[in-house]
Amino acid sequence: MPIIRAGLCHILSEDVVDKLRNAQIKTVADYLQQNAEAIVKKCQLPYQDVVALRRILLAEYAAYPINGLDVYEDSLKTTAILSTGCNGFDGLLDGGLYTGEITEVFGRSATGKTQFCLLSCLYTAQVSKQNSVYLSTNGSFSPQRLLSVLKTKNTSDMDSVDALSRIRCIEVFDVFEVLDSLELIQNTKHSQSDPFFTAVKVLVIDCIASVISPILGGKQLDGHGYMMQVAQMLKHISTELNMAVLVRQNKQNLQKHSQTLHL
(Lines give C-alpha, C1' and ligand atoms only; values in the text may rest on other atoms or scores of the structure.)
Protein backbone atom coordinates (compact mmCIF):
# COMPACT_ATOMS: atom_id res chain seq x y z
CA MET A 1 0.00 0.00 0.00
CA PRO A 2 1.22 3.58 -0.72
CA ILE A 3 2.74 5.67 2.06
CA ILE A 4 0.57 8.51 3.30
CA ARG A 5 2.15 11.79 2.28
CA ALA A 6 1.17 15.39 1.91
CA GLY A 7 -0.65 16.08 -1.32
CA LEU A 8 -2.00 12.56 -1.74
CA CYS A 9 -5.40 14.23 -1.51
CA HIS A 10 -6.60 17.70 -0.52
CA ILE A 11 -7.17 16.71 3.13
CA LEU A 12 -3.61 15.48 3.66
CA SER A 13 -1.68 18.59 4.60
CA GLU A 14 1.76 18.49 6.21
CA ASP A 15 0.21 18.99 9.65
CA VAL A 16 -2.28 16.14 9.18
CA VAL A 17 0.44 13.78 7.90
CA ASP A 18 2.63 14.58 10.93
CA LYS A 19 -0.24 13.79 13.31
CA LEU A 20 -0.93 10.49 11.54
CA ARG A 21 2.73 9.48 11.64
CA ASN A 22 2.95 10.29 15.34
CA ALA A 23 0.08 7.82 15.79
CA GLN A 24 2.02 5.18 13.79
CA ILE A 25 -0.33 5.52 10.82
CA LYS A 26 2.14 5.66 7.94
CA THR A 27 0.47 3.86 5.02
CA VAL A 28 -2.96 3.75 3.45
CA ALA A 29 -3.40 0.24 4.85
CA ASP A 30 -2.60 1.48 8.37
CA TYR A 31 -5.26 4.18 8.02
CA LEU A 32 -7.98 1.91 6.67
CA GLN A 33 -7.40 -0.68 9.41
CA GLN A 34 -8.23 1.91 12.07
CA ASN A 35 -11.78 2.92 12.85
CA ALA A 36 -12.68 6.58 12.54
CA GLU A 37 -13.22 7.16 16.25
CA ALA A 38 -9.76 5.82 17.11
CA ILE A 39 -8.08 8.10 14.56
CA VAL A 40 -9.99 11.14 15.87
CA LYS A 41 -8.87 10.34 19.41
CA LYS A 42 -5.23 9.62 18.53
CA CYS A 43 -4.66 12.45 16.06
CA GLN A 44 -7.10 15.10 17.27
CA LEU A 45 -8.55 15.50 13.77
CA PRO A 46 -12.12 16.55 12.87
CA TYR A 47 -14.41 13.56 12.53
CA GLN A 48 -15.75 14.75 9.17
CA ASP A 49 -12.22 14.99 7.73
CA VAL A 50 -11.35 11.50 8.98
CA VAL A 51 -14.46 9.99 7.36
CA ALA A 52 -13.96 11.94 4.13
CA LEU A 53 -10.32 10.84 3.92
CA ARG A 54 -11.37 7.21 4.44
CA ARG A 55 -13.85 7.46 1.54
CA ILE A 56 -11.23 9.02 -0.73
CA LEU A 57 -8.64 6.36 0.07
CA LEU A 58 -11.15 3.53 -0.38
CA ALA A 59 -12.25 4.90 -3.75
CA GLU A 60 -8.64 5.26 -4.89
CA TYR A 61 -6.97 2.11 -3.56
CA ALA A 62 -9.55 -0.47 -2.53
CA ALA A 63 -10.32 -3.41 -4.82
CA TYR A 64 -13.53 -2.99 -6.78
CA PRO A 65 -16.13 -5.41 -5.38
CA ILE A 66 -17.47 -8.00 -7.82
CA ASN A 67 -20.65 -9.97 -7.37
CA GLY A 68 -19.93 -13.68 -6.94
CA LEU A 69 -22.75 -14.62 -9.30
CA ASP A 70 -21.23 -12.40 -12.01
CA VAL A 71 -17.87 -14.15 -11.60
CA TYR A 72 -19.54 -17.55 -11.82
CA GLU A 73 -21.55 -16.65 -14.93
CA ASP A 74 -18.47 -15.16 -16.60
CA SER A 75 -16.56 -18.36 -15.83
CA LEU A 76 -19.30 -20.44 -17.45
CA LYS A 77 -19.13 -18.28 -20.57
CA THR A 78 -15.35 -18.38 -20.97
CA THR A 79 -14.37 -21.81 -19.60
CA ALA A 80 -14.99 -25.02 -21.50
CA ILE A 81 -13.94 -28.62 -20.87
CA LEU A 82 -13.20 -30.39 -24.14
CA SER A 83 -13.13 -34.17 -24.06
CA THR A 84 -10.07 -35.83 -25.58
CA GLY A 85 -12.15 -38.79 -26.76
CA CYS A 86 -10.28 -41.09 -24.37
CA ASN A 87 -12.06 -41.88 -21.11
CA GLY A 88 -8.80 -42.68 -19.33
CA PHE A 89 -7.23 -39.35 -20.15
CA ASP A 90 -10.44 -37.46 -19.44
CA GLY A 91 -10.39 -39.02 -15.99
CA LEU A 92 -6.79 -37.93 -15.39
CA LEU A 93 -7.56 -34.41 -16.62
CA ASP A 94 -10.79 -34.04 -14.61
CA GLY A 95 -12.97 -34.15 -17.69
CA GLY A 96 -10.65 -33.24 -20.56
CA LEU A 97 -8.74 -30.25 -21.90
CA TYR A 98 -9.60 -26.99 -20.14
CA THR A 99 -9.66 -23.66 -21.92
CA GLY A 100 -7.33 -21.27 -20.14
CA GLU A 101 -4.82 -24.03 -19.39
CA ILE A 102 -1.75 -25.58 -21.03
CA THR A 103 -1.59 -29.39 -21.02
CA GLU A 104 1.69 -31.20 -21.74
CA VAL A 105 1.87 -34.81 -22.86
CA PHE A 106 5.22 -36.61 -23.03
CA GLY A 107 6.70 -40.07 -23.21
CA ARG A 108 8.98 -42.35 -25.16
CA SER A 109 8.96 -42.36 -28.95
CA ALA A 110 6.26 -44.38 -30.69
CA THR A 111 3.94 -44.53 -27.68
CA GLY A 112 1.00 -42.74 -29.31
CA LYS A 113 1.56 -39.09 -28.34
CA THR A 114 0.90 -37.75 -31.83
CA GLN A 115 -2.11 -40.05 -32.19
CA PHE A 116 -3.47 -38.62 -28.94
CA CYS A 117 -3.02 -35.04 -30.21
CA LEU A 118 -4.72 -35.89 -33.51
CA LEU A 119 -7.64 -37.62 -31.82
CA SER A 120 -8.08 -34.69 -29.40
CA CYS A 121 -8.45 -32.33 -32.35
CA LEU A 122 -10.77 -34.74 -34.13
CA TYR A 123 -13.00 -35.24 -31.10
CA THR A 124 -13.15 -31.49 -30.52
CA ALA A 125 -14.22 -30.98 -34.13
CA GLN A 126 -16.65 -33.89 -34.41
CA VAL A 127 -18.33 -33.86 -31.01
CA SER A 128 -17.78 -30.37 -29.54
CA LYS A 129 -18.11 -28.67 -32.95
CA GLN A 130 -15.14 -26.41 -32.18
CA ASN A 131 -12.15 -25.53 -34.35
CA SER A 132 -8.53 -26.57 -33.74
CA VAL A 133 -5.14 -25.37 -34.96
CA TYR A 134 -2.38 -27.97 -35.24
CA LEU A 135 1.20 -26.67 -35.37
CA SER A 136 3.30 -29.49 -36.79
CA THR A 137 7.06 -29.14 -36.35
CA ASN A 138 8.04 -32.51 -37.82
CA GLY A 139 5.49 -33.27 -40.52
CA SER A 140 3.55 -35.58 -38.20
CA PHE A 141 0.10 -34.24 -39.08
CA SER A 142 -1.75 -36.75 -41.24
CA PRO A 143 -5.29 -36.10 -42.52
CA GLN A 144 -5.33 -39.70 -43.77
CA ARG A 145 -5.04 -40.94 -40.18
CA LEU A 146 -7.93 -38.72 -39.16
CA LEU A 147 -10.02 -39.93 -42.07
CA SER A 148 -9.31 -43.56 -41.22
CA VAL A 149 -10.50 -42.96 -37.64
CA LEU A 150 -13.71 -41.40 -38.96
CA LYS A 151 -14.29 -44.40 -41.21
CA THR A 152 -13.94 -46.81 -38.29
CA LYS A 153 -16.76 -44.89 -36.60
CA ASN A 154 -18.97 -45.20 -39.70
CA THR A 155 -19.09 -41.43 -40.05
CA SER A 156 -20.94 -40.16 -43.11
CA ASP A 157 -19.01 -38.34 -45.82
CA MET A 158 -20.78 -35.07 -45.00
CA ASP A 159 -19.94 -35.33 -41.29
CA SER A 160 -16.35 -36.30 -42.11
CA VAL A 161 -15.91 -33.23 -44.30
CA ASP A 162 -17.41 -31.03 -41.58
CA ALA A 163 -15.08 -32.46 -38.92
CA LEU A 164 -11.93 -32.16 -41.03
CA SER A 165 -12.83 -28.60 -42.05
CA ARG A 166 -12.65 -27.64 -38.38
CA ILE A 167 -8.98 -28.63 -38.13
CA ARG A 168 -6.28 -26.48 -39.70
CA CYS A 169 -2.62 -27.54 -39.82
CA ILE A 170 0.29 -25.09 -39.98
CA GLU A 171 3.73 -26.57 -40.62
CA VAL A 172 6.51 -24.84 -38.67
CA PHE A 173 10.13 -25.95 -38.72
CA ASP A 174 11.93 -23.46 -36.46
CA VAL A 175 11.17 -21.29 -33.45
CA PHE A 176 10.70 -18.19 -35.59
CA GLU A 177 7.94 -19.82 -37.61
CA VAL A 178 6.33 -20.93 -34.33
CA LEU A 179 6.40 -17.36 -33.03
CA ASP A 180 4.99 -16.03 -36.31
CA SER A 181 2.16 -18.58 -36.22
CA LEU A 182 1.31 -17.82 -32.59
CA GLU A 183 1.25 -14.11 -33.38
CA LEU A 184 -1.02 -14.80 -36.36
CA ILE A 185 -3.43 -16.71 -34.13
CA GLN A 186 -3.44 -13.92 -31.54
CA ASN A 187 -3.97 -11.10 -34.02
CA THR A 188 -6.62 -12.93 -36.04
CA LYS A 189 -8.47 -13.99 -32.90
CA HIS A 190 -8.47 -10.43 -31.57
CA SER A 191 -9.51 -8.82 -34.86
CA GLN A 192 -12.01 -11.59 -35.69
CA SER A 193 -11.05 -11.17 -39.33
CA ASP A 194 -11.16 -14.92 -40.02
CA PRO A 195 -14.27 -16.88 -38.94
CA PHE A 196 -12.19 -20.04 -38.53
CA PHE A 197 -9.78 -18.54 -35.98
CA THR A 198 -12.62 -16.79 -34.18
CA ALA A 199 -14.07 -20.22 -33.31
CA VAL A 200 -10.74 -21.90 -32.42
CA LYS A 201 -10.76 -23.54 -28.99
CA VAL A 202 -7.78 -25.93 -29.18
CA LEU A 203 -4.16 -25.26 -30.12
CA VAL A 204 -1.79 -28.23 -30.50
CA ILE A 205 2.00 -28.03 -30.89
CA ASP A 206 3.56 -31.30 -32.02
CA CYS A 207 6.40 -31.36 -31.04
CA ILE A 208 7.74 -28.27 -29.26
CA ALA A 209 11.14 -29.86 -28.54
CA SER A 210 11.89 -30.11 -32.27
CA VAL A 211 12.18 -26.32 -32.58
CA ILE A 212 13.46 -25.49 -29.08
CA SER A 213 16.30 -28.02 -28.75
CA PRO A 214 18.38 -26.70 -31.69
CA ILE A 215 18.60 -23.20 -30.16
CA LEU A 216 19.68 -24.31 -26.67
CA GLY A 217 23.24 -24.94 -25.52
CA GLY A 218 26.56 -24.13 -27.12
CA LYS A 219 26.87 -20.57 -28.39
CA GLN A 220 23.11 -20.14 -28.84
CA LEU A 221 22.84 -17.42 -26.18
CA ASP A 222 19.38 -16.29 -27.28
CA GLY A 223 17.84 -19.76 -27.02
CA HIS A 224 16.37 -19.38 -23.55
CA GLY A 225 14.98 -15.98 -24.50
CA TYR A 226 13.10 -17.43 -27.47
CA MET A 227 11.92 -20.34 -25.33
CA MET A 228 10.49 -17.93 -22.75
CA GLN A 229 8.86 -15.89 -25.49
CA VAL A 230 7.08 -18.99 -26.80
CA ALA A 231 5.97 -19.87 -23.27
CA GLN A 232 4.61 -16.38 -22.65
CA MET A 233 2.68 -16.37 -25.91
CA LEU A 234 1.18 -19.77 -25.15
CA LYS A 235 0.18 -18.52 -21.70
CA HIS A 236 -1.46 -15.45 -23.23
CA ILE A 237 -3.30 -17.50 -25.84
CA SER A 238 -4.65 -19.92 -23.26
CA THR A 239 -5.73 -17.40 -20.63
CA GLU A 240 -6.64 -14.27 -22.59
CA LEU A 241 -8.13 -15.97 -25.66
CA ASN A 242 -9.79 -18.79 -23.69
CA MET A 243 -8.16 -21.64 -25.61
CA ALA A 244 -6.98 -25.07 -24.55
CA VAL A 245 -3.31 -25.54 -25.43
CA LEU A 246 -1.92 -29.07 -25.87
CA VAL A 247 1.86 -29.43 -26.14
CA ARG A 248 3.61 -32.70 -27.05
CA GLN A 249 7.09 -33.47 -25.78
CA ASN A 250 9.54 -36.34 -26.15
CA LYS A 251 11.15 -37.92 -23.10
CA GLN A 252 14.00 -40.17 -24.06
CA ASN A 253 15.40 -41.14 -20.70
CA LEU A 254 12.76 -42.27 -18.21
CA GLN A 255 13.88 -43.56 -14.87
CA LYS A 256 13.77 -47.33 -14.62
CA HIS A 257 11.46 -47.44 -11.65
CA SER A 258 9.18 -44.56 -12.56
CA GLN A 259 5.59 -45.25 -13.52
CA THR A 260 5.10 -44.79 -17.25
CA LEU A 261 1.75 -43.92 -18.75
CA HIS A 262 1.43 -45.60 -22.16
CA LEU A 263 -0.74 -43.64 -24.54
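Above this note sits the structure.
Residues numbered from 1 in each chain as written. Predicted model: local features only at pLDDT ≥ 70, side-chain atom pairs only at ≥ 80, totals over all residues. Heavy atoms only, no water.

A. Broad picture of the pattern of salt bridges. A complete count under the given rule lists 5 salt bridges for this structure. The partner of Asp-194 in a salt bridge is Arg-168, and the shortest N-O contact between them spans 3.5 Å. Here Arg-168 lies in strand β5 (residues 167-171) and Asp-194 lies in the loop between α10 (175-191) and α11 (195-198), a separation of 26 residues in the sequence. On the basis of relative accessibility, which here comes to 33%, the residue Arg-168 falls in the partly exposed class. The network of salt bridges with common partners includes Lys-129, Asp-162 and Arg-166. (Salt bridge = Lys/Arg side-chain N within 4 Å of Asp/Glu carboxyl O. Helix = DSSP H or I, 4+ residues; strand = E, 2+ residues; numbered from the N terminus. Buried < 20%, exposed > 50% of the residue type's maximum accessible area, 1.4 Å probe, protein only.)

B. Expanded view of the sheet that holds β5. The strand order β3-β7-β6-β4-β5 describes an open sheet built from 5 strands, whose pairing is parallel. The sheet is open, and its two borders are formed by β3 (102-107) and β5, each paired with just one other strand. Between one strand axis and the next, the sheet turns through 15° on average, direction left out of account. Examined bridge by bridge, strand β4 (residues 131-136) and strand β6 (residues 200-206) share 6 bridges and lie parallel to one another. (Pairing = 2+ DSSP bridges. Axes fitted to C-alpha atoms, helices over the stretch in contact; angles between N-to-C directions.)

C. Looking closely at the side chain of Ser-132. Structurally, Ser-132 can be placed in strand β4. A relative accessible area of 0% places Ser-132 in the buried class.

D. Spotlight on the packing of helix α3 (residues 36-43) against helix α4 (residues 47-61). Running from amino to carboxyl end, α3 crosses α4 at an angle of 125°, the nearest separation of the two axes being 9 Å. When the axes of α3 and α4 are compared, the pair comes out oblique. Note that α3 runs across α4; the crossing there is right-handed. Note on element contacts: α4 touches α3 through Tyr-47, Val-50, Val-51 and Arg-54, opposite Ala-36, Glu-37, Ile-39 and Val-40. Among the residues forming the contact of α3 with α4, the class breakdown is 6 nonpolar, no polar and 2 charged. (Parallel < 35°, antiparallel > 145°, perpendicular 65-115°, else oblique. Left-handed = near helix turned anticlockwise from the far one by under 90°. Contact = heavy atoms within 4.5 Å. Nonpolar A, V, L, I, M, F, W, Y, C, P; charged D, E, K, R; others polar.)

E. View of a nonpolar patch on the surface. A contiguous nonpolar surface patch, about 390 Å² in accessible area, is contributed by Tyr-64, Ile-66 and Val-71. With respect to the helices, strands and loops of the structure, Tyr-64 is situated in the loop between α4 and α5 (68-78). (Patch = residues over 30% accessible without salt bridge, like charges linked within 9 Å, V, L, I, M, F, W, Y side chains within 5 Å. Areas by Shrake-Rupley, 256 points an atom, 1.4 Å probe, with all protein chains shown as cover.)

F. Unusual backbone geometry, seen in detail. The omega angle of the peptide bond from Asp-206 to Cys-207 is 0°, so this bond is cis rather than trans. As for its placement among the helices and strands, Cys-207 is situated in the loop between β6 and α12 (209-212). The phi dihedral of Lys-129 is positive, around 60°, even though this residue is not glycine. Within the secondary structure, Lys-129 is located in the loop between α7 (113-126) and β4. The phi torsion at Gln-192 lies on the positive side, around 55°, for a residue other than glycine. Position of Gln-192 among the secondary structure elements: in the loop between α10 and α11.

G. Representation of the nonpolar core. Judged by nonpolar contacts, the single largest core of 26 residues is most densely connected at Val-133, Leu-135, Leu-182, Leu-203, Val-230 and Leu-234. Top contributing element to this core by residue count: α10, with 5 residues. In contact with Leu-203, other than residues within four places in its own chain, are Val-133, Leu-135, Leu-182, Ile-185, Leu-234, Ile-237, Met-243, Ala-244, Val-245 and Leu-246. (Core = buried A, V, L, I, M, F, W, Y, C linked by side-chain atoms within 4.5 Å.)

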